[in-house]
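# Coordinate inspection notes
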Amino acid sequence: MILVGGSHATAIRQAARSMGVDLNFHVFHRNSPLWPSGKELFQPEFLAEFNGLEGTIFSSLGGNSHNVMGLIEHRAPFDFVHPRIKTKAKTDDDRTWVPFSAVKQSIEQTAGTFLRLLQGFAERYPGRVVHLQSPPQIEDETFIRQGIVDKGTDARKTGLAKFGIAPAALRYKLWRLNSEIFEERCAELGVKFVPVPSASITRSGFLKRKYWGDPTHANAAYGKLVLEQMRQHA
Amino acid sequence: MGGLAGEAVDPVVSFPFRVGRTERVVTAGSCFAQHIARYLTEQGFNHYIAERPHTVLREEVAREHNYGMFSARYGNIYTARQLRQLLQRAHGRFVPKEEYWLKGERYLDPFRPQINPGGFHSLEELRRDRKQHLERVLHAFKAARVFVFTLGLTEAWVDREDGAVFPICPGVEGGTFSPDRYAFVNFSLAEVLLDMKLAIQALRRLNPKLKIILTVSPVPLAATAEDRHVLVSTTLSKSVLRVAADTLSREIANVAYFPSYEIITGNHAQGRYFDRDLRSVTEEGVRHVMRLFFQHAAEEGEAPVPAKAPSARLREEDAAREVAEVLCDEALLDPT
């Protein structure tokens, strides 16, 4: 199976390795050699291999733009109304309400290169392209905070020490919106969009504890569930 | 004046006060007021933005959502009645019955129908945004030291039931027009004067020392709902507004009229200050207006150059991006 993506691919790769599944993985991340530069979407060294690929390409591209926007609470806390998610009655009115369309556009811009890559695969690859939804949010703020501190991140510089983690309800909405952006783009491109494995989510839509990896990623057990989905869609 | 080059004509002569470089200037009005707001910002004056975009939004997204066009996201305020009702709404003294207009599946605010591109995605979103907006409107007028208001139109459409006045005709951008629900009005001089006087009273209650600069938009009407030619309606509308501005500036202390209308439309310009559509004001015309504005109505001296320090938005987004990327990098480094 062919997998293209960034950090969310790691859980799948770990699962594949433990299960002895052969995975042809190509990393597309800001610091990776295949990351687009200049006008060319695909680097020449990738194109040579790309033209010889056969079978379904699975994409786990993107999936962190929502975390860039709202994992850590902002100096001036914000929120937005998602038209398909009921806003909690207790929502703090002191937060700045940002228009849904503005949040959506901002995520689209942050995820811009990933969306262009997805489009590039869809348009240039003669075979099937399937996109995997990024894993859900982890509800537990303590786990996220500790995970960030453990990575050696400067808590003062990032605002984590002063402002903390954004409320789970906001992070959930941002994740949903990020997913919807990819789902919409998939529909336009004729790419199959595969939602997260239903077994991995709690009733309120968060990642179940046994699938937690680090603050923004799932683990190999989650990867196994996704790998099973990939087999079904291969 | 016939012997002068058009751009040398200066009809201001004198102006009763000057805008300080650090004084908070709040702007509102019709399209032409946008030019004034832009120049104030560019020249380093304190064009006060009370309804700022959240730092999470990228600048181009914020601009597209009409943040920073005026001091709050009220969009164009064409009539004196709109200004008066905006203040009443901000104080909670007037709640119009017309809560929203539908445009497809989106919700428009009837009092600023073009403020959010495409409209709001839910009624709840519209309500929250409006509540926040009106709070910021009140804040803007409380904080202001100078208010620049451009009078634009006398023609408008109102709700027959409660008199709420709309910036555009219902049914054009959203909602459904019904002659039973909406009525056309062409405000008389007496009505414009009364609306402006009540608005100024309300502003001065919030802010007794507020200096007010009135201008009349030189942009002609695009259409008229009167049974006459649009040229005739334009002349009447601009005449009413011009007389109202003059009367207010004579009768009320610290209310001044700035003659941008004359600078753009006067014979000296030979029509050059209008674009090919004969409505839009050219950049050359705006420059002439603003040059005289800064010469006569603004504090002298070089404009302070705004510091190029990274904005709060960039600093915070960079920090948040760094956290997300550190986590992603770590995840990529650990594939076993």
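Structure's up top.
Keep in mind that what you see is a predicted model, and the values were worked out from it rather than measured.

### So, the pattern of salt bridges
Residue and element names in this part refer to chain A. Across all of its chains, the model carries 27 salt bridges over all chains by this definition. Between R95 and E73 there is a salt bridge; the shortest N-O distance is 2.7 Å. Here R95 is found in the loop between β4 (78–79) and β5 (96–97), whereas its partner E73 is found in the loop between α3 (65–70) and β4, with 22 residues between them in sequence. The class for R95 is buried, based on a relative accessible area of 9%. Accessibility expressed as a relative area gives 12% for E73, which makes it buried. The partner of R84 in a salt bridge is E180, with the nearest N and O atoms 3.0 Å apart. One end of the pair, R84, is in the loop between β4 and β5; the other, E180, is in helix α9 (residues 168–189), and 96 residues separate them in sequence.

### With respect to empty space enclosed by the protein
Taken as a whole, this structure holds six cavities of 30 Å³ or more when the rule is applied. What the largest cavity holds in volume is close to 150 Å³. Lining the largest cavity we find 18 residues, and of these H29(A), R30(A), N64(A), F114(A) and C328(B) sit closest to its centre. Listing elements by their share of the lining of the largest cavity, those giving two or more residues are α3 of chain A together with α9 (312–333) of chain B. Among the elements that make up the lining of the largest cavity, the one with the highest residue count is α9(B) (four residues). For the lining of the largest cavity, a count of residues per class yields six nonpolar, nine polar and three charged.

Parameters and conventions
- Residues numbered from 1 in each chain as written.
- Chains lettered and ligands numbered in written order.
- Predicted model: local features only at pLDDT ≥ 70, side-chain atom pairs only at ≥ 80, totals over all residues.
- Heavy atoms only, no water.
- Salt bridge = Lys/Arg side-chain N within 4 Å of Asp/Glu carboxyl O.
- Helix = DSSP H or I, 4+ residues; strand = E, 2+ residues; numbered from the N terminus.
- Buried < 20%, exposed > 50% of the residue type's maximum accessible area, 1.4 Å probe, protein only.
- 1 Å grid on protein atoms, 1.4 Å probe; cavity = no way out; pocket = protein on both sides within 12 Å on 5 of 7 lines; lining within 4 Å.
- Points joined across faces, edges and corners; volume = space filled by probe spheres on them.
- Nonpolar A, V, L, I, M, F, W, Y, C, P; charged D, E, K, R; others polar.

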